[in-house]
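Below, each chain spelled out in residue letters.
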Amino acid sequence: MAQKLFSAATLGNLTLQNHIVMAPMTRNRATTDHAVTDIMTTYYEQRASAGLIITEGIAPSPNGNGYARVPGIYTKDQIAGWKNVTDAVHAKGGKIFAQLMHSGRVGHPVNMHENGEVIAPSAIAAAGQIYTDTDGMLDHPIPRALTTDEVKQTVQEFVQSAKNAIEAGFDGVEIHGANGYLVEQFLRSTTNQRTDEYGGSAENNARFALEVAEQISAAIGKEKTGIRLSPYGVFNDMPYSPDDDKIYHYIAKKLSDYVVYVHLVDHESMGAPAVDPAIVEAIRENYKGVLILSGGYDAERAEAALTSGKADLIAIGRPFIANPDLVERLKTGAELNQPDFSTFYTPGEKGYTDYPVLEEARA
């Protein structure tokens with residue numbers, strides 16, 4: 001029987017109900033102009049028994065909002081909408097971080113606020129297509145490469161969005177440096193072919209991520225700042241290269257000064273290459289803060305990772321979609337609801353807020 005998994009945990013200045021983190025998951029339930037909806041409040045409130053909730057990716061600026069119906073946190077209305085969410089989660093005893101996700105080259109102007117632009121470190125389009133509500137599937141456009149000054153301005157967009165998140169009542173923010181979005185686009189040589197201070201070497205490729213982390217930490221506090229990394233992720237046309245390993249070794253050494261946690265993603269269960277244990281060990285050795293691991297964990301594997309010291313917290317994703325009371329189900333060994341994959345990214349309550357809790361399922 002798992003013991004540590006369900007015991008209280010510490011994250012910076014926070015006491016968490018347990019060692020279970022609800023991983024960030026895109027659900028596309030915002031409005032078409034990227035505002036927070038009432039059902040989003042219900043969704044997060046239902047799952048507040050997690051030790052920590054990390055929200056779906058939230059765009060820090062119009063340029064970062066490349067998907068249909070993904071929420072932002074750059075307008076007063078969006079901040080007010082997120083305040084409803086954080087109030088509801090806190091009323092249930094939960095803690096919640098906002099994941100700041102700039103989509104970079106993974107977007108389309110059709111999905112964006114007016115004057116939003118698809119930008120990236122370099123003018124290299126992602127392979128494949130992206131969904132739009134109005135025009136269906138469209139090819140990824142060639143992004144415009146940011147100037148050096150614009151890169152620095154984009155860092156400031158992240159900083160302002162972090163301040164907005166604190167204003168909205170979040171306990172902290174997670175910088176999305178994974179899954180092929182803007183921060184990772186700077187990290188990887190696949191998408192970063194710059195010749196200025198933001199590309200061309202491990203140190204330069206890591207500069208954008210580290211500046212975002214350093215300046216957010218300075219603005220809202222290290223104890224309120226985390227980052228998510230996916231060293232072997234291939235999502236959004238990001239093929240793995242062994243040359244990237246040295247970038248992650250370098251960044252791990254630097255992050256101890258800026259973030260309260262590193263959230264390390266292993267997408268092997270979804271078809272990506274397995275994360276080399278040496279990378280995990282290097283991050284564990286070089287990074288001195290809290291390490292969150294995610295990637296297909298059940299209660300047994302999670303307990304083993306915690307008790308061995310491999311991880312400090314365990315993030316679980318998809319099971320939370322269909323099981324708002326996942327913590328209780330894992331604790332009691334109860335059967336899990338199975339998710340409806342056809343409603344993962346569709347608007348409305350179906351497949352979002354209508355999954356039964358254990359008592360309802362038994363009834």
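Cut-offs applied
Residues numbered from 1 in each chain as written. Predicted model: local features only at pLDDT ≥ 70, side-chain atom pairs only at ≥ 80, totals over all residues. Heavy atoms only, no water. Buried < 20%, exposed > 50% of the residue type's maximum accessible area, 1.4 Å probe, protein only. Helix = DSSP H or I, 4+ residues; strand = E, 2+ residues; numbered from the N terminus. Pairing = 2+ DSSP bridges. Right-handed = clockwise from strand over helix to strand, strands pointing away. Core = buried A, V, L, I, M, F, W, Y, C linked by side-chain atoms within 4.5 Å. Contact = heavy atoms within 4.5 Å. Phe/Tyr/Trp six-rings, centres within 6.5 Å; stacked < 30°, edge-to-face > 60°. Lys NZ or Arg CZ within 6 Å of the ring centre and 35° of its normal. Lys, Arg positive; Asp, Glu negative; His and termini not counted. Salt bridge = Lys/Arg side-chain N within 4 Å of Asp/Glu carboxyl O. Axes fitted to C-alpha atoms, helices over the stretch in contact; angles between N-to-C directions. Left-handed = near helix turned anticlockwise from the far one by under 90°. Nonpolar A, V, L, I, M, F, W, Y, C, P; charged D, E, K, R; others polar. Expected span 1.5 Å × (residues − 1). Parallel < 35°, antiparallel > 145°, perpendicular 65-115°, else oblique.

Within a regular strand, side chains alternate between the sheet's two faces. Counting buried positions along strand S13 (residues 290-294) gives five out of five residues, so the element sits mostly inside the fold. What you see with S13 is no split at all: Val290, Ile292 and Ser294 on one side and Leu291 and Leu293 on the other are buried throughout. Across three bridges, the pairing between S13 and strand S14 (residues 313-316) is parallel. By the bridge assignment for S14, Ser294 is matched with Ala315. For the segment spanning S13, helix H8 (residues 299-307) and S14, crossover handedness is right-handed.

Attention now moves to the nonpolar core. In this structure, Trp82, Phe208, Ile216 and Leu255 are the most contacted members of the largest nonpolar core, which totals 85 residues. For this core, the element with the highest residue contribution is helix H5 (residues 202-220), accounting for nine residues. Aside from chain neighbours lying at most four places away, what touches Trp82 is Val36, Met40, Tyr44, Thr55, Glu56, Ile58, Pro71, Gly72, Ile73, Ala168 and Phe170. Membership of the second largest hydrophobic core comes to 15 residues, among which are Leu14, Leu16, Leu52 and Ile54.

For the structure shown, the criterion picks out twelve aromatic pairs. Here the aromatic rings of Phe158 and Phe208 are separated by 6.1 Å at their centres, their planes lie at 75°, and the arrangement is edge-to-face. You can see Phe158 sitting in helix H3 (residues 148-167) and its partner Phe208 sitting in helix H5, a full 50 residues away along the chain. Look at Phe158 and you get buried, because its relative accessible area is 0%. The exposure class of Phe208 is buried, given its relative accessible area of 0%. With a centroid separation of 4.9 Å and 35° between ring planes, the pair formed by Phe341 and Phe344 is classed as tilted. A relative accessible area of 53% means that Phe341 is categorised as exposed. By way of ring pairs, the aromatic residues Tyr43, Tyr44, Trp82, Phe170 and Tyr352 are connected into one cluster. Lying over the aromatic face of Tyr297, Arg301 brings its terminal NZ or CZ to 4.0 Å of the ring centre.

Right, let's talk about the side chain of Glu56 for a bit. By the secondary structure assignment, Glu56 is in strand S4 (residues 52-58). Although Glu56 lies buried, it forms no salt bridge, and the closest oppositely charged side chain, Arg27, sits 7.6 Å away as judged by the N-O distance. Glu56 has contacts with Pro24, Met25, Thr26, Arg27, Asn28, Met40, Tyr44, Pro71, Trp82, Gln99 and Tyr352, leaving out every residue within four places of it along the chain.

Attention now goes to the packing of H3 against H5. Here H3 crosses H5 at 35°, and the two axes come no closer than 9 Å. Classified by chirality, the crossing of H5 by H3 is right-handed. Counting all contacts with H3, which are made through Val151, Thr154, Val155, Gln156, Phe158, Val159, Ala162, Lys163 and Ile166, the residues of H5 involved are Phe208, Glu211, Val212, Gln215, Ile216, Ala219 and Ile220. Of the residues belonging to the contact of H3 with H5, the class tally is eleven nonpolar, three polar and two charged.

Here the focus is helix H2 (residues 76-91). Look at H2: 23 Å from first C-alpha to last across 16 residues, which is about the 22 Å you get at 1.5 Å a residue. Restricting attention to buried positions, one finds in H2 the residues Gln78, Ile79, Gly81, Trp82, Val85, Thr86, Ala88 and Val89. Where H2 is buried, its residues meet helix H1 (38-46), S4, strand S5 (96-100) and H3.

For the structure on display, the rule yields eleven salt bridges. Salt-bridge contacts for Asp237 lead to Arg105; the nearest nitrogen and oxygen are separated by 3.7 Å. Taken together, the residues span a long stretch of sequence, with Asp237 in the loop between strand S11 (225-229) and helix H6 (245-255) and Arg105 in the loop between S5 and strand S6 (119-120) at a distance of 132 residues. Beyond isolated ion pairs, a larger network of salt bridges with shared partners links Glu117, Arg144 and Glu150.

Of the two faces of strand S7 (residues 129-132), the one lined by Ile130 and Thr132 is fully buried and the one lined by Gln129 and Tyr131 carries no buried residue. Two strands pair when backbone bridges link them, and S7 and strand S8 (residues 136-139) are joined in this way by four bridges, in the antiparallel orientation. Within S8, the residue paired with Tyr131 across the bridge is Met137.

Their axes nearest at 8 Å, the elements H1 and H2 cross at an angle of 25°. As the angle between them shows, H1 and H2 are arranged roughly parallel. Two packed elements cross with a definite hand, and for H1 against H2 that hand is right-handed. When H1 is examined against H2, the residues Met40, Thr41, Tyr44 and Glu45 are found in contact with a partner set consisting of Gly81, Trp82, Asn84, Val85, Ala88 and Val89. Counted by class, the contact of H1 with H2 contains six nonpolar, three polar and one charged residues.

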